[in-house]
Amino acid sequence: MDLSVTLKGQSHTLSLKNPILTASGTFGYGLEFAPYGDLASLGGFIVKGLSLKPRGGNPTPRIVETTAGMLNAVGLQNDGVEYFCQTTLPKLPSAKTNVICNIYAGTVEDFGALATRLDGEDGVAAIEVNISCPNVRMGGVLFGQDPALAHQVTALVRKNAPKKFLIVKLSPNVTDIALIAKQVEAAGADAISCINTVLGMSIDYKTRRPRLANIVGGLSGPAIKPIALRCVWQVAKACSIPVIGVGGITTAEDVVEFLIAGAHAVQIGTANFMNPQTSFALVPQLDTLLGSLGVSSVASIRGTLKLD
Amino acid sequence: MPPHASYTHLTVLDIVPFGSIAGKNTFFALRLSRPDWPEWQPGQFVMIRPDSFGLEIPWPRPLGICDMNDRYLICFFQVLGRGTERLAQLSRGETVAVTGPLGKGFHSEVDTPTLLLAGGMGIVPFIGYVRSHPQPWNLSMVFGHRPPLSCYPIESLRERIPVDILRETIPGDLDNLLFTLHERIHDYSAQNGLILGCGPKPFLRTLYGYGKSMGARMQLSLENTMACGVGACLGCVTKTAKTTPETPEYVQTCTKGPVFWIDQIVL
């Protein structure tokens, strides 16, 4: 079975040994999961979102379990890009798998500065631009909801990180995700991740209070899989660059559904919380499942949705 | 990161109800086949997830380790929501997924007079702590609780160390508990003893306040909602001592704790 995947972007190509990546914010910096599997066995992992300066994050409670999912409003707590580059990155297995940096900023200029900083780091295989976080004030999801801003951010990161494969992560909280995707593609993105979390809310009826300090938060987990599949399908039809599917994947069957919808690769998110071995186990499970379907490679099942 | 943590499936040996409230059992001791851990510390915890959670209940549940020997691991829990309800329905022979041992356990100083302060379910980590302590005559405990004493696995403790048991049923009882805690913390901090606390948030806040004002050498075990238990989700965070209103600083309760020295955090 050939599990390898080539993400052929507009200016760069990223090779994955398999289509299993881990989603930003659900896998720490990778090292947290090292006791539970071989990080090098993954197609790659996407680290917790990095900002230009350290961020404390939102007040608690930040997470709530919902039916078949969870809400989070962590608010991008992180040590900042400089600490990551100097202290964390040297410990990551960059030579053995793809270490992908997710970046977030409150201004277009700060996105550009992050791109400049990471472009010089050889250990970083790709940059994933988060224009879709619903949990941060001062912009936040705004960049991903405004086609012109999405274009502007993507173009600046492209310009400032000329050496890096560039992924842009889209929000489902928009009227027409294909419209945003086309803007991002036109601005030079090499690939698109879809989707980030779906804006949601939870209320405690006894206290009549929201269960999150932030009131609203991002819904993830199996509950959002149908939304993610729909978005992947729409974006894959609208764009020529590769699509990375993310949202509610827990099994190899889920992975194959995303491939059929048109995804080149997938990210595992909330399922890493259900079981810290999930992402590692999915690699051999996908191999077995594709074999049982009589498929010889990941590429040969991609985009094979039958509509007649 | 705990170097020896593993993800494994353990078999339920038995699940024993403790006490009852209005005819209902809500406290359970869950005995599991022994995990292949090279070591563990009292105060550490496991993330436990039975198959019955399916996709409906995504998160495993964090349970404090009650005790472990060469034959089995014991966890103790109270039914509080849909996850623990399903845990209570486990039966002998079923398997559960267990990640552990997680977090940092309680400090131990063999020769130091050590005061254990437990509120309700906060008694759990002290079962193993007392059982494994080489000089239990240096230990004593204050246990405050509301449900009947029969709900808690306290017998093994009472065989080994002196335990002051204070039940809170009417408002005046709380004053008595607070007075006792204050006196005992004062006594132990005056002789540079070690003070360890575990219990619900209001109980911990009380201990924290007394401990800080007396400069006590005190560790508290925090309990927060967790999604992953391994430091990734950033949901279980608690404020560090360095936090300011302008620049909050949080750390994960699961990996930096759950046991903290009181000068590391603010409660």
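Calculation criteria
- For every chain, the first residue of the written sequence is number 1, and numbering continues from 1 onward in sequence order.
- To read the labels, note that chains go from A and ligands from 1, taken in the order they are written.
- Given that this is a predicted model, residues contribute local features only at a pLDDT of at least 70 and side-chain atom pairs are listed and counted only at 80 or more, while totals for whole chains, interfaces and linings are drawn from all residues.
- Only hydrogens and water are set aside; all other atoms, that is, all heavy atoms of the structure, feed into the side-chain values.
- We call two residues in contact when some of their heavy atoms are within 4.5 Å.
- A 1.4 Å probe defines the accessible area here, and the buried area is the portion of it lost by two parts on being joined, summed over both.
- Only one rule defines a salt bridge in this text: a Lys or Arg side-chain nitrogen within 4 Å of an Asp or Glu carboxyl oxygen.
- A simple rule labels every residue: compare its accessible area, found with a 1.4 Å probe on the protein chains alone, to the largest value its type can have, and call it buried under 20%, exposed over 50%, or partly exposed in between.
- Numbering of helices and strands starts at the N terminus; helices are DSSP runs of H or I of at least 4 residues and strands are runs of E of at least 2.
- Two strands qualify as a pair provided DSSP detects at least 2 bridges between them.
- Convention adopted: a line fitted to C-alpha atoms gives each axis, helices being fitted over their contacting stretch, and angles between N-to-C directions are expressed from 0 to 180 degrees.
- By definition in this entry, angles of less than 35 degrees are roughly parallel, angles greater than 145 are roughly antiparallel, angles of 65 to 115 are roughly perpendicular, and the rest are oblique.
- Crossings are sorted by hand: turned counterclockwise from the far helix by less than a right angle, the near helix makes the crossing left-handed, and turned clockwise it makes it right-handed.
- Lys, Arg, Asp and Glu make up the charged group, whereas Ala, Val, Leu, Ile, Met, Phe, Trp, Tyr, Cys and Pro make up the nonpolar group; the residues left over, Gly among them, are polar.
- All the domain ranges listed were derived from an automatic or database domain assignment.
- By definition, pLDDT measures how confident the predictor is in each residue, and it falls between 0 and 100.
- Any pair of cysteine sulfurs within 2.5 Å is marked as a disulfide.

Novice: Can you walk me through the interface of chain B and chain A in this structure?
Specialist: Interface size is commonly expressed as the accessible surface area that is lost when the partners come together. In this complex, chain B contributes 30 residues to the contact, which on the side of chain A involves 33 residues. Per-residue buried area on chain B facing chain A is highest for Tyr7, Trp59 and Tyr250 of chain B; these three make up 25% of the total on that side. Seen at the junction of chain B and chain A, the total is two salt bridges. A salt bridge links glutamate 65 of chain A to arginine 61 of chain B, with the shortest nitrogen-to-oxygen separation between them at 2.7 Å.

Novice: Honestly, the pairing of strand S5 (residues 63-66) of chain A in this entry has me stumped. Any pointers?
Specialist: Sheet faces and side chains relate simply in a regular strand, where the side chains alternate between the two faces. Residue and element names in this part refer to chain A. The alternating pattern of S5 places Ile63 and Glu65 and Val64 and Thr66 on opposite faces, both of which are buried. Summarising the sheet, S5 and strand S6 (residues 69-72) pair through four bridges and their orientation is antiparallel. Directly across from valine 64, in S6, lies its bridge partner leucine 71.

Novice: Would you mind going over the packing of helix H2 (residues 108-119) of chain A against helix H4 (residues 147-160) of chain A with me for this structure?
Specialist: Packed helix pairs are specified by the crossing angle of their axes together with the interaxial distance, meaning the distance between the axes. Residues and elements named next belong to chain A. Running from amino to carboxyl end, H2 crosses H4 at an angle of 25°, the nearest separation of the two axes being 8 Å. It follows that H2 is roughly parallel to H4 by the angle criterion. In this structure, the crossing between H2 and H4 has a hand that is right-handed. Between H2, through Val108, Glu109, Phe111, Gly112, Ala113, Ala115, Thr116 and Asp119, and H4, the contact on the second element is made entirely by Leu149, Gln152, Val153, Leu156, Val157 and Asn160. Per-class residue counts for the contact of H2 with H4 are eight nonpolar, four polar and two charged.

Novice: Would you explain the domain arrangement of chain B in this entry?
Specialist: All names here are of chain B. Under the domain assignment used here, chain B contains domain 1 (6-102) and domain 2 (114-221). Inter-centroid distance (C-alpha atoms) of domain 1 to domain 2 is 24 Å. Taken over both partners, the interface formed by domain 1 and domain 2 buries close to 1200 Å², and the fraction arising from carbon and sulfur atoms is 70%. Three residues, Pro42, Cys66 and Phe76, lead the burial of domain 1 against domain 2; their summed loss comes to 37% of the area buried on that side. Inspection of the domain 1/domain 2 interface yields one salt bridge. Here aspartate 67 and arginine 131 are joined by a salt bridge, their closest N and O atoms 2.6 Å apart.

Novice: Looking at this model, I keep getting lost on the side chain of glutamine 135 of chain B. Mind explaining?
Specialist: With respect to the helices and strands, glutamine 135 of chain B occurs in the loop between helix H2 (124-132) and strand S8 (139-145). Discounting residues that sit within four places of it in the chain, glutamine 135 of chain B has contacts with Val110 and Asp111 of chain B.

Novice: What am I meant to see in the environment of proline 54 of chain A here?
Specialist: All names here are of chain A. Residue placement: proline 54 occurs in the loop between strand S4 (44-50) and S5. Taking the C-alpha atoms as reference, proline 54 lies 4.0 Å from glycine 80; in sequence the two are 26 residues apart. If near-sequence neighbours (up to four positions away) are discounted, proline 54 is found in contact with Asn78, Asp79 and Gly80.

Novice: How should I be thinking about the confidence of the model for chain B in this particular structure?
Specialist: Caution applies to low-pLDDT regions: their predicted coordinates should not be interpreted in detail. Looking at chain B as a whole, the pLDDT averages 95, with 99% of positions reaching at least 70. The ipTM assigned to the predicted complex is 0.95, against a pTM of 0.96.

Novice: Looking at this model, I keep getting lost on the state of the cysteines. Mind explaining?
Specialist: The bond known as a disulfide is covalent and runs between the sulfur atoms of two cysteines. Within this structure, the stated rule accounts for zero disulfides over all chains. With no disulfide of its own, cysteine 231 of chain A lies 5.8 Å from the sulfur of cysteine 194 of chain A, the closest cysteine sulfur. Not engaged in a disulfide, the cysteine cysteine 236 of chain B finds its nearest cysteine sulfur in cysteine 254 of chain B; these two sulfurs lie 3.8 Å apart. On the basis of relative accessible area, cysteine 236 of chain B is assigned to the buried category, the value being 2%.

Novice: Sorry, what's going on with unusual backbone geometry here?
Specialist: Trans is the prevailing form of peptide bonds, just as negative phi is the prevailing case for residues other than glycine. Each neighbour pair has its own omega, and for cysteine 194 of chain A with isoleucine 195 of chain A the value is 25°, a cis peptide bond. Mapping isoleucine 195 of chain A onto the fold places it in the loop between strand S10 (191-194) and strand S11 (198-201). The omega torsion of the bond from glycine 100 of chain B to proline 101 of chain B falls at -5°, within 30 degrees of zero and hence cis. Within the secondary structure, proline 101 of chain B is located in strand S6 (residues 95-102). A positive phi is found at alanine 68 of chain A, a non-glycine position, where the angle reads about 55°. Checked against the element boundaries, alanine 68 of chain A lands in the loop between S5 and S6.

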